[in-house]
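Descriptive structure summary
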Amino acid sequence: APTSVPFQQLCGFRQRMNPQQGWPPGYGPNEQQPVQQTQTVYYTPQPVQVTTSTYQPQPVQTTYTMAYSGASQPYVVQQQSAPGYTTSYTQQGAWAGTQYAQDPSVTYSYQQEIQQPVATTSVSSTANPFLSAGTNPYASVGSGAQSVGSPAPQVPPRHSAPPAQTANPFLGSESPLVQTPYQSSPASPMPDQQPRAKTPPPDAPSEAPKKHLVNPYEGDNSNWVRGQSMPAAYAGGAQRVGAPSLPPKPSNSSRMLRGYEIVSTLHSFVISRKGINNEFLIIEKKSNGTPGAFQIVAEKPKERQIAIYTAYAIMGIINIQNESFLVLVTAIDPVGRLQGSEIYKVNTAHFVSFSARNEYQYSQQPKSPATPVQKFVNGDAGLLYFSYDYHLTHTLQRQQLMKAELASQPMWKSADRHFFWNRHLSRHFIRNKLSDYITVFIRGHVGIATDQYIPDSKRRLDYILISRLSCLRAGTRYNARGVNDDGHVGNFVESEQICEFDDYTCSFAEIRGSVPVFWEEPSIKGTHVPMLTRTPEASVPAFKKHFDGVLDSYKACHIVNLLNDAKKGEKTITDAYEDQIVRFKGLDSNKLKYTHFDFHVVCANRKYENIRLLIQNPDVQKDFESFGYYLFNKAEQRVISLQNGIFRTNCLDCLDRTNVTQTALAKTAIQMQLRDLSGRNYIADESRFGSLFNEFWANNGDALSKAYTGTGAMKSSYTRKGKHTFAGLLDDGIKSVTRMYVNTFQDQDNQEAIDLFLGKVGQQDDAALDDSPHPSKISVGGSVDKQWIRAQVLARQNEFSSYMPQYILTGTFNCNAQAPQDNVDIGDWLDPIKVDHDRVDMYVMTFQEIVELSAKQVWSAETENSRAWERTIANRINSFRKPNNKVVLLRSAQLVGILLCVFVPEDQIGNFRDVQAETVSVGFQGLAGNKGAAGIRFVYKEASSFCFVGAHLSAGPALEDRVSDYYNIAGQLKFGNNKNYGTPIQDHDFVFWLGDLNMRINNGTYEEVVRRVYEQDWPGLLRLDQLRLAQQEGLCFKGYSEGEINFAPTYKYNRGEDRYDTSEKKRVPAWTDRILWKTSNRVRQLLYTRNEILFSDHRPVKGLFEVFVQIVDKDKLKALQQELKRQAAQMDRTQLEQQVAALQAAMAANAQASPVGQMVSSPPTTPHSSSDMVGSPAPALPARPGSVTLSASPSPALPPRQSQTVQPETLLSFDSISPVKQYSDALTSICREYGAALGNATLIMSTTNLLASTVKNLLDFLDDQQTNPHALPFQEELVGATQAIARSARALAADSNSQPLHAQVVIAAQGLITVLEKYNSAF
């Protein structure tokens, strides 16, 4: 039946027909007018369509030919163009993986000559005439496509017999594979295209062809998502996507490869296992694109099919941007056989949407929401391995000790949680007890070499190396450092070396992992500097958890620390490490030993062979003998010996130095095994096995390094060759530069993909209901029954919860750059007054202007004053508390002059988890930290989350800047490795915002305000207070509470006096220093007052709060959830929806009720249409910090304010430092901003404008320095470098997501920094 279908739509992919360069005038497709277009479509079982569209441009003709055969061949697209010009064939989207486009990024080009004009033709056939006899469609003409003038080939008649049926091995030998119009079969590759260099397993299919899917909405009076009606030809049936049909089983294969067939329908996925014909798993597709009910049935449902997928394994279900995807492994690489089981590496995973509409749409386009995670999973990036039978998460020794457990449980249930990477993705199958559909994946490296020979010992062996990367603190290099509160460390890897001899099996394991103290490596002035984030006392619980786990798993541990004492940052980490080891009680039992081997000193000048000095260390030699190795006698089927200890190696990244060291330890272990089994233990590096051993460990180091840094390991040339080479040195240099780029510009995206894959980004869907430790963490979405359960749980919290009062003393002080003074007692400020010190559970203190805000400090502040204030506060508090109830610093955060610190009782440290700190700069258009905020958040007693924000907002009488600062801080301050999915301020149970908010008194003269202060007319003055007015107008801090103010304004005083400002400026007194909070009805403020410390122009303020934290009984919560599930199953949907609506309305009303017992004197708020949740963006406020326009503000009294370019000298105080040095520091910091500019055109241009303005000021200064012989060349190089940045920045602003253009800008900025450094000393 003829039908009219647009040519581009029928092709199914976007052609790159008109390159920007290469077409002469008058020849582009945009200048062509279609003369004729015809099409013929036949239905199954002989589906064929050939379309020829003829165009006649002047002065030549271009012809496009599209041939389609649904029976056996994919699309073939031919294009003839003007003489001598190139035609591009681009296969995109769902074509990736076909024999015509094994790499979607490859573009095929052919030179074609035009012949005579040809009339439009229509051809029909049951097979593609251009692919007859297995030939290539482009092989008939030497230079390209088939000649236009060639005769049409003979084709079979329309009603020829249907194609033969092929057995489908995924459904058993009896089940035929029904051919559909969208099924493809193998064909020869395109000319000049090499197939993938992969060796499939004997019974494995090649990589999966992917083609366009049936539109699920065609036929339901629904339109295609792109707005065009789909052709009727698509209604003929589903397309098979994924692994193609398996070839016949080789005679020497022990078994068939396992697999699954997944049929996608409009309302469900139907999954069947290979060889199982009477069991089908039905997974419901809910209307919101998430999984619904899981059900096993005996017969395959008869429902219209959208697509058919075949897969080797099901990785699980992931939720991304509120949409769920079924993750299927559709292409694999065989690694080898271990203990009789095949090991595979994931090559390609296919993410299939639970939204039928989106499933079709994503097949038509190259990207989907799952694309970033898909890139993480696939190929060398993912480094994911699996086996159907072998327990990859366990060493051979653990498998032997857990033999009974492993035999009686499904693999996922006995898997080691440290290395079970897809457990989160498998949660739906786990909850529904579908063990047959769960495959366990590890991440790391697996290498297998069979039939190796060691001449000196005259032994043959299979050599296996397995490295298991932990998923419990997974992340990229600068995002996963140190330890977390559960004792898990970054880059923790268990490496196992297995030697399978003819008569014995040996196994030796060793581990690596980041130093288990709390430390980070932030970028300071472009350099990453290791620094501790918690005090030694606050690190003890996590350190103990870590080594308790190590000793529980491996019995004993010998620590090998490779850090360098000459580097200040590494020395700091080593000192903290050794301090924790001394504190660790396990040291008393001699189970933990420590060796510090300064690798950079001992192996200086690339003398890595000196690693033998570590192996020869008597303590190391002793532990090698005492730890031993796992040895199993195959003939007698019994264990001869066990490994009784583990070597734990670390450097800073646990990569390059660690790779060299672990290779040496592994070689020592295998030599010890050969000595015990053969009496000879020598392995020559130049021998075949010696080379293989080195190659395996080098590959292992490269894989682990790629997982952590994005590049292969450095020093791998030594590991691989056993010696240094110039090529290896050059390779290390290239890797170092690549690491810097990847870590700077790609780590955040990679971290986001890892967190999404592991389910560490919030609650990804309603599957978290059963696992939540606290009702407030349960997801809001999900099916109506789960919404009802959540609403019931929240409404009945008193059945499983109790509330415990805790006392928090908060304080804020703008100390005017003053350090603590011996003659000034701060004890009054720290006195809670209403309760004894020993009853206070948290002290939260914030400072502003803790350093002088000079030009240098604005960009990067010193920390001496901060450390001095921290020590002074801790000592003064402890002088009031009992000796056995001392406080320690939990965490501090500093942003230039802003310091926020939290002190807690030492014996309560274990109750604080997920302690994180972040800062946000809003000064100098977001570049400088003279204004902004520092935030600290944590979870207390597993149930209550706290967030404290210490802020310093913009000064001056105008309110607009402070409103802008508020929204910038509230919107940008997010906690976590990835800011796109970080925890914002408002997502906490208790939020406290304190600091110098710089809110002034409106419309008051100095004399009038001072008079009313002496009269103590607080109500009259507060009616003019900007903060109260802003809250009433809904401008900022909506929903926040503040205690009753019964004290005088805290600003501005003469320093050292008790008098308000008597200088010429006579600044109007104001309550600039404030403490606010936002929470539910579980807070009482007991105290809100100021104290008299005279050395600053501000007075400190403090507030004492009684908060009621929730204590959850997990057993009672779980029992309630189970009971509610049973009740929900007996109710119909209408009843559930009605009760959910009623419960939600009741909870909303309770949330708006005024807090119980609060002593507040806040003015009544006027209803306003705009929401002012903390962190919600204000209308018309830009995301970038800086000047904003309040044109959309609800306050009619505030006129719109125009954004202005702030000159650098208006904010910088140049003191006594050289002006050139200060300009250089400012320009260097501005240049660093380009590193975060990828994808943000606004940031690119604003940074460039600021750069140009600052350079102009520096050039003006240099004009006055012409007596200096360096001034003129400095100006010339300065202008040249700035112009290079401007050119690159303009190009990047036009295409802000281009990584190559971004790299050019960063390189140009580095060029300017080099010029500045060159001339700094000359002035």
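Residues numbered from 1 in each chain as written. Predicted model: local features only at pLDDT ≥ 70, side-chain atom pairs only at ≥ 80, totals over all residues. Heavy atoms only, no water.

**Observations regarding the packing of helix H30 (residues 1271-1294) against helix H31 (residues 1299-1320)**
Their axes nearest at 8 Å, the elements H30 and H31 cross at an angle of 165°. Taken as axis vectors, H30 and H31 run roughly antiparallel relative to one another. Relative to H31, the crossing made by H30 is left-handed. Where H30 abuts H31, its residues Pro-1273, Phe-1274, Glu-1277, Leu-1278, Ala-1281, Thr-1282, Ala-1284, Ile-1285, Ser-1288, Ala-1289, Ala-1291 and Leu-1292 lie against Leu-1301, His-1302, Gln-1304, Val-1305, Ala-1308, Ala-1309, Leu-1312, Val-1315, Leu-1316, Lys-1318 and Tyr-1319. Its residues placed into classes, the contact of H30 with H31 shows 17 nonpolar, four polar and two charged. (Axes fitted to C-alpha atoms, helices over the stretch in contact; angles between N-to-C directions. Helix = DSSP H or I, 4+ residues; strand = E, 2+ residues; numbered from the N terminus. Parallel < 35°, antiparallel > 145°, perpendicular 65-115°, else oblique. Left-handed = near helix turned anticlockwise from the far one by under 90°. Contact = heavy atoms within 4.5 Å. Nonpolar A, V, L, I, M, F, W, Y, C, P; charged D, E, K, R; others polar.)

**Describing the environment of Val-517**
Structurally, Val-517 is set in the loop between strand S22 (504-512) and strand S23 (519-520). As a C-alpha pair, Val-517 and Val-489 span 28 residues in sequence and 8.6 Å in three-dimensional space. Here Val-517 is in contact with Gly-482, Val-483, Leu-532, Phe-543, Ala-576, Tyr-577 and Gln-580, once residues within four sequence places are set aside.

**Overview of the sheet that holds strand S33 (residues 840-848)**
If you trace the six strands from one edge of the open sheet to the other, you get S34-S35-S33-S32-S44-S43, paired in mixed fashion. With partners counted over all chains shown, the strands left at the sheet margins are strand S34 (887-895) and strand S43 (1083-1090), one partner each. On average, each strand axis in the sheet is tilted by 20° relative to the strand beside it, whichever way the strands run. Alignment of strand S32 (residues 801-814) against S33, held across eight bridges, turns out to be parallel. Residue pairing for S33: Thr-810 is matched across the bridge by Val-844. On the sheet, helix H21 (residues 864-880) packs against S32, S33, S34 and strand S35 (898-905) and is oriented at approximately 155° with respect to S34. (Pairing = 2+ DSSP bridges.)

**Section: the confidence of the model for the protein**
The share of residues in the protein with pLDDT of 70 or more is 69%, and the mean pLDDT across the chain is 74. Every residue in residues 763-781 is under pLDDT 50, and counting partners more than four places away or in other chains gives 61 contacts. A low-confidence stretch, residues 1153-1216 stays under pLDDT 50, and its non-local contacts, those more than four residues away or across chains, total 139 contacts. (pLDDT = per-residue confidence, 0-100.)

**With respect to the nonpolar core**
Judged by nonpolar contacts, the single largest core of 77 residues is most densely connected at Phe-847, Trp-869, Phe-938, Phe-946, Phe-992 and Val-1107. It is S35 that contributes the most residues to this core, seven residues altogether. If we skip the residues at most four places from it in the chain, Phe-992 touches Ile-808, Phe-946, Cys-947, Phe-948, Val-949, Leu-1076, Trp-1077, Phe-1105 and Val-1107. (Core = buried A, V, L, I, M, F, W, Y, C linked by side-chain atoms within 4.5 Å. Buried < 20%, exposed > 50% of the residue type's maximum accessible area, 1.4 Å probe, protein only.)

**Looking at the packing of aromatic side chains**
Following the criterion strictly, the structure yields 51 aromatic pairs and no others. Joined through ring pairs, the aromatic side chains of Phe-912, Phe-938, Tyr-940, Phe-946, Phe-948, Phe-990, Phe-992, Trp-1077 and Phe-1105 make up one cluster. A cation sits over an aromatic face here: Arg-273 above Tyr-437, 5.6 Å from the ring centre. Above the ring of Phe-501, the side-chain terminus of Arg-459 is found at 5.4 Å from the ring centroid. (Phe/Tyr/Trp six-rings, centres within 6.5 Å; stacked < 30°, edge-to-face > 60°. Lys NZ or Arg CZ within 6 Å of the ring centre and 35° of its normal.)

**Quick look at the side chain of Arg-913**
Within the secondary structure, Arg-913 is located in strand S36 (residues 912-923). On the basis of relative accessibility, which here comes to 19%, the residue Arg-913 falls in the buried class. Within the structure, Arg-913 has its side chain in polar contact with the side chain of Asp-486 (distance 2.7 Å). (Polar contact = N/O pair within 3.5 Å; in protein donor to acceptor, adjacent residues only side chain to side chain.)

**Points about the side chain of Asn-998**
Within the fold, Asn-998 resides in the loop between strand S41 (990-996) and helix H23 (1006-1014). Excluding anything up to four places from it in sequence, Asn-998 contacts Lys-931, His-952, Leu-953, Ser-954, Ala-955, Arg-962, Gln-1026 and Thr-1072.

**Looking at the packing of helix H19 (residues 784-795) against helix H26 (residues 1114-1129)**
Two numbers describe how H19 lies on H26: the axes approach to 10 Å, and their chain directions differ by 140°. Looking at the two axes, H19 sits oblique to H26. For the element pair H19 and H26, the recorded crossing hand is right-handed. Residue-level inspection shows Asp-785, Trp-788, Ile-789, Gln-792 and Val-793 of H19 in contact with H26, the latter providing Leu-1117, Gln-1121, Leu-1124, Lys-1125, Gln-1127 and Ala-1128.

**What to know about the pattern of salt bridges**
In this structure the tally under the stated criterion is 46 salt bridges. Among the ionic pairs, Lys-571 bridges to Asp-575, the shortest N-O distance being 2.9 Å. Here the residue Lys-571 and the residue Asp-575 both occupy positions in helix H10 (residues 568-583), the gap between them amounting to four residues, near one helical turn. Given a relative accessible area of 30%, Lys-571 falls into the partly exposed group. (Salt bridge = Lys/Arg side-chain N within 4 Å of Asp/Glu carboxyl O.)

**Here we look at unusual backbone geometry**
A cis geometry characterises the amide bond from Tyr-1051 onward to Lys-1052, with omega recorded as 0°. Position of Lys-1052 among the secondary structure elements: in the loop between helix H25 (1026-1033) and strand S42 (1073-1079). The phi angle at Asn-605 is positive, at roughly 60°, despite the residue not being glycine. One can find Asn-605 in the loop between helix H11 (599-602) and helix H12 (612-615). Despite not being glycine, Gln-637 has its phi angle at roughly 50°, a positive value. Its location among the elements puts Gln-637 in the loop between strand S29 (630-633) and strand S30 (638-641).

**Considerations on the pairing of strand S13 (residues 291-297)**
Of the pairings in the sheet, the one linking strand S12 (residues 280-285) to S13 comprises five bridges and is antiparallel in character. Bridging from a neighbouring strand, Phe-280 pairs with Val-297 of S13. Once S12 ends, the chain turns through five residues before running back antiparallel as S13, passing Gly-289 with a positive phi of about 80°.

**Concerning the state of the cysteines**
For the structure shown, the criterion picks out zero disulfides. Cys-651 carries a free sulfur, and the closest cysteine sulfur to it, the one in Cys-654, is 5.3 Å from it. (Disulfide = S-S within 2.5 Å.)

**Quick word on H21**
Between its first and last C-alpha atoms H21 spans 25 Å; for 17 residues at 1.5 Å apiece the expected length is 24 Å, and the two agree. Of the residues making up H21, those classed as buried are Asn-865, Ser-866, Ala-868, Trp-869, Glu-870, Ile-873, Ala-874, Ile-877 and Asn-878. In this structure, the buried residues of H21 make contact with S32, S33, S34 and S35. (Expected span 1.5 Å × (residues − 1).)

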